[in-house]
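Fold and geometry: a report
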Amino acid sequence: MEEEKEIEKLKNKNKDLLRKLRNRVKEVNKLIKYSAYKKEFSRLNAIIDKMAKDLLICGIDFINFGKATGDFTKDKEKLKELYAKEVEE
């Protein structure tokens, strides 16, 4: 009788420890997933920042070109040619 109570206590304790372990594993997996998302967002933000800088430079060049020539038309071909020349230089 006493032995059965001890066995039952140990079983319950074992179940509780297994439950806690499973919860810890879930928490760790969430942290790993969060870390992966954080790395991906950092990578994407770096790409966006680079693209924004390129667009800003292109826009400034276009404005400077317009000031120099007195022509502020929004002709896409002129803008493409200007940007292509800037990239080549």
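See above for the structure.
Below, the structure is looked at part by part. (Residues numbered from 1 in each chain as written. Predicted model: local features only at pLDDT ≥ 70, side-chain atom pairs only at ≥ 80, totals over all residues. Heavy atoms only, no water.)

**As for the pattern of salt bridges**
Rules: Should a side-chain nitrogen of Lys or Arg be within 4 Å of a carboxyl oxygen of Asp or Glu, the pair is scored as a salt bridge. A run of H or I in DSSP counts as a helix once it spans at least four residues, and a run of E counts as a strand once it spans at least two, with each numbered from the N terminus. The buried label goes to any residue with under 20% of its type's maximum accessible area, the exposed label to any with over 50%, and the partly exposed label to all in between, with areas taken from a 1.4 Å probe on protein chains only.
A full pass over the atoms with the stated rule returns three salt bridges. In this structure, R19 and D16 form a salt bridge, with 2.5 Å as the shortest nitrogen-oxygen distance. Within this pair, R19 and its partner D16 are both found in helix α1 (residues 2-69), separated by three residues, close to a single helical turn. Exposure remark for R19: the relative accessible area of 42% places this residue in the partly exposed category. For D16, a relative accessible area of 28% puts it in the partly exposed group. In this structure, the salt-bridge partner of E40 is R43, at a minimum N-O distance of 2.7 Å. Of this pair, E40 and R43 are both found in helix α1, three residues apart, which corresponds to roughly one turn of the helix. What emerges from the salt-bridge pattern is a single network uniting D16, R19 and K20.

Spatial relationships are all this shows, so hold off on functional conclusions.
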